[in-house]
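Observations on chain architecture
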Amino acid sequence: MAIEDLISSVPTGLWIGGEERQAASTFNVLDPSDDQVLATVADATAADAVAALDAACAVQAEWAATAPRKRGEILRSVFEKITERADDIAALMTLEMGKVLAESKGEVAYGAEFFRWFSEEAVRIAGRFTPAPAGTGRILVTKQAVGPCYAITPWNFPLAMGTRKMGPAFAAGCTMIVKPAQETPLTMLLLAKLMDEAGLPKGVLSVLPTSNPGAVTSALVDDGRLRKLTFTGSTGVGKALVKQSADKLLRTSMELGGNAPFIVFDDADVDAAVDGAILAKMRNGGEACTAANRFHVANSVREEFTDKLVKRMSEFTLGKGIDPASTLGPLINSKQVSTVTELVSDAVSKGATVAVGGVAPGGPGNFYPATVLADVPADARILKEEIFGPVAPITGFDTEDEGVAAANNTEYGLAAYVYTQSLDRALRVAEGIQSGMVGINRGVISDAAAPCGGIKESGFGREGGIEGIDEYLDTKYIALTR
């Protein structure tokens, strides 16, 4: 489909109660590769948020009472609809977010999988029935839908971070309002249209693009009818949302920032470690919470690892994501380019060496090259702060305990990566690392069938796996007499 036709096929109004509505004002969505306007979309207000919640509440009881098999069949239909339109969704995602087409196609497959996985989990919501230990009666435990939910999704994965929340919510029988990031609302609006075509009942989903997220969020969080808030984004914003939600004691799940260590031990297969490093660092151009943020490499193999990583990183072709020849697209905006530039400059000023890259090319677009920093000192900010860009800082260690200690030297705990050929070491280190997810000899750990989430300041709650649906279910105990 031609780009113009693709853009014109996307709803640009508010999606409330399964219908497109216009708003009093609009805002522009930009192509990060050249900052040109892609589309103009409706700008939701607090009043629009209340209207969306009205729609969600109006059908909540009916949707929760819908047979689990029926809910599952609808989710399966959505999976099939996304798969049919995979190329269009990928192109749209690349246009508004910047990632290269291959990355976008990977996200479409990953994002769709949450609907397939939770279509199967909808019929497996279980409880239990047991005799009371004292013999005085029976214990019946059931699971019921939490109720209307509000999801705030980030710009880096415009499809998958939404489907990872919608899949379990709808499988559990919850309605949901989604606020996509201001930078990337088009993918979510197209998904809403496809879900409507797949048979999702009106009112179960609303999508509210907005340039004023504070007003929209406050209107929903402060409304006593909302029962759950789920957020993927920065730790700072997550903390503020948890505080804001406390007054109504909302159920919350938070997938927040990361500072993922990538540890290469002296017994690692260095070539495999470099392959994994490319995947862990350069997935999504480095703009991922689970991206490898810092590389702790045993000193005995550090030079070899660095040389091979530099060679691979130098092979990336910077360019527009929509261009098939590009292997690395732009960052999301100029602010992110400035952030990455500042972190690299700080590291260099403290003694790090730029082995490749390290300088933004300038000109139109928000580009930054694949970069490797060698000999990064311990006090460099880039080892402490989330980079969200294609920069790999490398530092060394001598003993296993030093490597684990370096990995744990952060307030975050989302993902970690370990390369070693020793099973004993792999298990020992995985247990010792303070992280919600650990990849052993692999650079990609995302899987709809596995629980994704962090510890410490990377948040709480899990998305995906058999654990994911529990975030949208309340547990009820019913006491029965003998």
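For the structure itself, consult the block above.
The notes below deal with the structure included here. (Residues numbered from 1 in each chain as written. Predicted model: local features only at pLDDT ≥ 70, side-chain atom pairs only at ≥ 80, totals over all residues. Heavy atoms only, no water.)

A separate point is the layout of surface pockets. Gaps between atoms show up when a probe of the same size as a water molecule is rolled over them. Of the pockets and cavities examined, the largest pocket occupies roughly 1000 Å³. Of all elements in the fold, only α6 (160–172), α8 (213–221), β10 (228–232), α9 (235–245) and α12 (334–349) reach the threshold of two or more residues within the lining of the largest pocket. Among the residues forming the lining of the largest pocket, the class breakdown is 19 nonpolar, 18 polar and seven charged. When its volume is computed, the second largest pocket comes out at roughly 240 Å³. The element contributing the most residues to the lining of the second largest pocket is helix α10 (residues 270–282), with three residues. The class makeup of the residues in the lining of the second largest pocket is ten nonpolar, five polar and four charged. (1 Å grid on protein atoms, 1.4 Å probe; cavity = no way out; pocket = protein on both sides within 12 Å on 5 of 7 lines; lining within 4 Å. Points joined across faces, edges and corners; volume = space filled by probe spheres on them. Helix = DSSP H or I, 4+ residues; strand = E, 2+ residues; numbered from the N terminus. Nonpolar A, V, L, I, M, F, W, Y, C, P; charged D, E, K, R; others polar.)

The full count for this structure, using the stated rule, is eight aromatic pairs. Here the aromatic rings of F262 and F295 are separated by 5.0 Å at their centres, their planes lie at 40 degrees, and the arrangement is tilted. Of this pair, F262 sits in strand β12 (residues 260–264) while F295 sits in strand β13 (residues 292–298), and the two are 33 residues apart along the sequence. Per residue, the accessibility class of F262 equals that of F295, and both read buried. Consider the rings of F295 and F305, whose centres lie 6.2 Å apart with planes at 35 degrees: the pair is tilted. One end of the pair, F295, is in strand β13; the other, F305, is in helix α11 (residues 299–313), and ten residues separate them in sequence. (Phe/Tyr/Trp six-rings, centres within 6.5 Å; stacked < 30°, edge-to-face > 60°. Buried < 20%, exposed > 50% of the residue type's maximum accessible area, 1.4 Å probe, protein only.)

This part takes up the environment of G106. When you line up the elements, G106 lands in helix α5 (residues 101–121). A relative accessible area of 39% places G106 in the partly exposed class.

Let us now look at the pairing of strand β18 (residues 437–440). Side chains M437 and G439 project from β18 onto a buried face, and the interleaved V438 and I440 project onto a face without burial. Read from strand β17 (residues 415–419) through helix α14 (residues 423–432) to β18, the crossover connection turns out right-handed. (Right-handed = clockwise from strand over helix to strand, strands pointing away.)

Attention now goes to the pairing of β13. Counting buried positions along β13 gives seven out of seven residues, so the element sits mostly inside the fold. Between β12 and its parallel partner β13, the chain crosses via α10, and the hand of that crossover is right-handed. In this structure, β13 lies alongside strand β16 (residues 391–397), joined through four bridges in parallel fashion. Across the sheet, the residue bridging to A298 is F397, located in β16. (Pairing = 2+ DSSP bridges.)

Attention now goes to the nonpolar core. In terms of nonpolar packing, the biggest core is built from 66 residues, with F115, M166, F170, M176, M195 and L205 touching the most fellow members. Excluding residues within four positions of it along the chain, M195 makes contact with V78, F115, M166, F170, L200 and L205. Judged by nonpolar contacts, the second largest core, of 48 residues, contains M97, A280, F295 and V429. (Core = buried A, V, L, I, M, F, W, Y, C linked by side-chain atoms within 4.5 Å. Contact = heavy atoms within 4.5 Å.)

A separate point is helix α2 (residues 46–65). Here α2 is 20 residues long and its end C-alpha atoms lie 29 Å apart, about the 28 Å a rise of 1.5 Å per residue gives. Largest kink in α2: about 45 degrees, centred on V59. All buried positions along α2 are accounted for by D48, A49, A52, L53, A55, A56, V59, Q60 and W63. (Expected span 1.5 Å × (residues − 1). Bend = angle between axes of the 7 residues up to and from the residue.)

Strand order in this open sheet of three strands is β5-β6-β20, and the pairing throughout is antiparallel. The sheet terminates laterally at β5 (128–131) and β20 (473–481), the two strands that pair on one side only. Going across the sheet, the axis of each strand differs from the next one's by a mean of 20 degrees, ignoring polarity. Where β5 meets strand β6 (residues 137–145), four bridges bridge the pair, whose relative direction is antiparallel. Directly across from F129, in β6, lies its bridge partner L140. (Axes fitted to C-alpha atoms, helices over the stretch in contact; angles between N-to-C directions.)

Right, let's get into unusual backbone geometry. The backbone of F388 sits at a positive phi, close to 55 degrees, despite the residue not being glycine. Phi is positive for K456, which is not a glycine, with a value near 50 degrees. Relative to the helices and strands, K456 is located in the loop between β18 and β19 (459–460). Among the residues examined, K456 registers a relative accessible area of 36% and is labelled partly exposed.

In a pair of packed helices, the angle between the axes and the distance between the axes together describe the arrangement. In the contact formed by helix α3 (residues 68–84) and α5, the axes pass within 7 Å of each other and the chain directions differ by 160 degrees. One finds that α3 runs roughly antiparallel with respect to α5. For the pair α3 and α5, the crossing hand works out as left-handed. Every residue of α5 that contacts α3 at G72, L75, R76, V78, F79 and I82 is listed here: V108, A112, E113, F115, R116, F118 and S119. Along the lines of polarity and charge, the residues of the contact of α3 with α5 split into eight nonpolar, two polar and three charged. (Parallel < 35°, antiparallel > 145°, perpendicular 65-115°, else oblique. Left-handed = near helix turned anticlockwise from the far one by under 90°.)

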